Amino acid sequence: MKKRQIGKSDLYVSEISLGCMSLGTDEEKAKSIIDRAIDAGVNYLDTADLYDFGTNEKIVGKAIQGRRDDLIIGSKGGNNFTPGQEGWTWDPSKKHIKRAVKDSLQRLGTDYIDLYQLHGGTIEDPMDETIEAFDELKQDGLVREYGISSIRPNVIREYVKKSNIASVMMQYNALDRRPEEEILDLLSENDISVLARGPLAKGMLSSKGHQKAKDGFLEYSHEEILALTEKWQDYGSNERTPTALALQYVLHHPAVATAVFGASSVNQVEDNLSYLEAEPLTEQIFGEIQTMTRPITYQKHRSK
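Below is a summary of the structure that appears in this document. These numbers were taken from a predicted model, which means no experiment stands behind them.

## Things to note about the packing of helix 2 (residues 55–63) against helix 3 (residues 94–108)
Next, step 1: Direction vectors running N to C along helix 2 and helix 3 enclose 45°, while the axes themselves pass 7 Å from each other. On the basis of their axis angle, the class for helix 2 and helix 3 is oblique. Residues Glu 57, Lys 58, Val 60 and Gly 61 of helix 2 lie in contact with helix 3, whose contacting residues are Ser 104, Arg 107 and Leu 108.
Next, step 2: Each residue belonging to the contact of helix 2 with helix 3 can be placed in one class, and the counts come to two nonpolar, two polar and three charged.

## Notes on the packing of aromatic side chains
In this description, an aromatic ring pair is defined by two values, namely the gap between the centres and the angle between the planes.
Next, step 1: Under the definition given, this model contains five aromatic pairs.
Next, step 2: Ring plane angle 45° and centroid distance 5.6 Å describe the contact between Tyr 116 and Phe 134, whose orientation is recorded as tilted. Note that Tyr 116 is positioned in strand 8 (residues 113–119) and Phe 134 in helix 4 (residues 127–139), a separation of 18 residues in sequence. Accessibility assignment for this pair places Tyr 116 and Phe 134 in one class, buried.
Next, step 3: Here the aromatic rings of Tyr 172 and Tyr 249 are separated by 6.2 Å at their centres, their planes lie at 50°, and the arrangement is tilted. Of this pair, Tyr 172 sits in the loop between strand 10 (167–171) and helix 6 (178–182) while Tyr 249 sits in helix 10 (residues 242–251), and the two are 77 residues apart along the sequence. There is no split in this pair, since Tyr 172 and Tyr 249 are both buried.
Next, step 4: One aromatic cluster is present, formed by Tyr 116, Phe 134 and Tyr 146 through successive ring pairs.
Next, step 5: Positioned over the ring face of Tyr 112 is Arg 68, at 4.1 Å from the centre of the ring.
Next, step 6: Residue placement shows Arg 294 over the ring face of Tyr 220; its charged tip is 4.6 Å from the ring centre.

## Things to note about the environment of His 210
Next, step 1: Topologically, His 210 is positioned in helix 8 (residues 209–212).
Next, step 2: The sequence separation of His 210 and Thr 229 amounts to 19 residues, and the corresponding C-alpha distance is 5.4 Å.
Next, step 3: Each residue touching His 210, except ones within four places of it in the same chain, is listed here: Leu 226, Thr 229, Glu 230 and Gln 233.

## With respect to the nonpolar core
Next, step 1: The biggest cluster of nonpolar side chains holds 84 residues, and the ones touching the most others in it are Ile 16, Leu 18, Leu 45, Tyr 116, Leu 175 and Leu 187.
Next, step 2: No other element matches helix 10, which puts seven residues into this core.

## What to know about the pairing of strand 3 (residues 16–19)
Next, step 1: Residues Ile 16 and Leu 18 of strand 3 are buried on one face, and the alternating residues Ser 17 and Gly 19, pointing to the opposite face, are buried as well.
Next, step 2: Bridge analysis of strand 3 against strand 12 (residues 256–262) gives four bridges, and the strand direction is parallel. Looking across to strand 12, one finds that Gly 19 is bridged to Gly 262.
Next, step 3: For strand 3 and strand 4 (residues 44–46), the ladder comprises two bridges, and the chain directions are parallel. What sits directly across from Leu 18, in strand 4, is Leu 45.
Next, step 4: Of the crossover connections in this fold, the one passing from strand 3 over helix 1 (residues 27–39) to the parallel strand 4 is right-handed.

What counts and what doesn't
- Residues numbered from 1 in each chain as written.
- Predicted model: local features only at pLDDT ≥ 70, side-chain atom pairs only at ≥ 80, totals over all residues.
- Heavy atoms only, no water.
- Axes fitted to C-alpha atoms, helices over the stretch in contact; angles between N-to-C directions.
- Helix = DSSP H or I, 4+ residues; strand = E, 2+ residues; numbered from the N terminus.
- Parallel < 35°, antiparallel > 145°, perpendicular 65-115°, else oblique.
- Contact = heavy atoms within 4.5 Å.
- Nonpolar A, V, L, I, M, F, W, Y, C, P; charged D, E, K, R; others polar.
- Phe/Tyr/Trp six-rings, centres within 6.5 Å; stacked < 30°, edge-to-face > 60°.
- Buried < 20%, exposed > 50% of the residue type's maximum accessible area, 1.4 Å probe, protein only.
- Lys NZ or Arg CZ within 6 Å of the ring centre and 35° of its normal.
- Core = buried A, V, L, I, M, F, W, Y, C linked by side-chain atoms within 4.5 Å.
- Pairing = 2+ DSSP bridges.
- Right-handed = clockwise from strand over helix to strand, strands pointing away.

Structure, rendered in structure tokens:
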């Protein structure tokens with residue numbers, strides 16, 4: 001599988017990668033999903049301390065034993081919680097970040113995290129303090145690189161100006177084209193990579209997309225989504241599956257390092273692996289997709 005560089009770092013990740021949030025808590029089932037992805041050439045696994053309140057990191061840690069050095073592991077912190085208790089609070093403080101990364105390292109059973117990300121963020125956060133924590137973690141060798149997970153343009157712009165982030169994880173797909181509005185080019189110009197989560201738009205752009213179109217999506221009505229997903233299936237052909245097309249779309253922009261798909265079964269992994277057999281995406285088809293969908297603006301879906 002082809003790999004792409006994250007920012008200016010030494011990290012090279014597979015073009016499609018596994019988001020681990022949907023693995024569930026059945027260790028054997030989760031391991032089979034991870035194994036299939038890795039066997040196919042996926043080398044980036046993305047988790048977070050908040051996923052199942054630490055259980056997800058433990059499952060990922062067990063699944064990668066014996067092959068840690070061959071993989072790029074990403075995790076996230078910034079949400080303060082107590083395992084076994086309901087709820088959590090946002091805490092981007094230096095004290096919490098430094099404690100959280102050590103807890104994640106223990107659960108993952110590793111000495112370092114390749115890409116450690118702030119799991120959210122607002123413009124009111126003590127950013128200088130947060131950035132200092134990440135820089136010190138990198139200096140101490142506990143993390144190789146750091147980034148943020150955010151869809152907030154104002155927050156992203158501040159981190160671009162103030163920090164040494166290597167990446168930004170954000171939702172990006174052919175139905176949610178908000179990053180195209182003002183973020184992708186900015187990050188590309190600053191040698192910062194995008195980890196595109198949700199590339200299949202909750203499954204609506206997958207090979208079973210029409211079955212997933214039960215509600216509206218952002219500014220799209222239910223009726224519009226039904227029509228779009230039906231048309232999307234028409235693009236499925238001998239050249240590429242609908243799922244492969246969705247992955248190719250987000251990978252078209254040079255800022256995107258990897259499309260992070262989720263999977264709760266091996267069959268879903270297989271569907272995403274159809275990307276490997278797809279013919280290259282032409283500029284004509286890319287343009288047709290942009291004509292078929294419409295830009296969604298951050299102005300109508302903006303958070304602090």
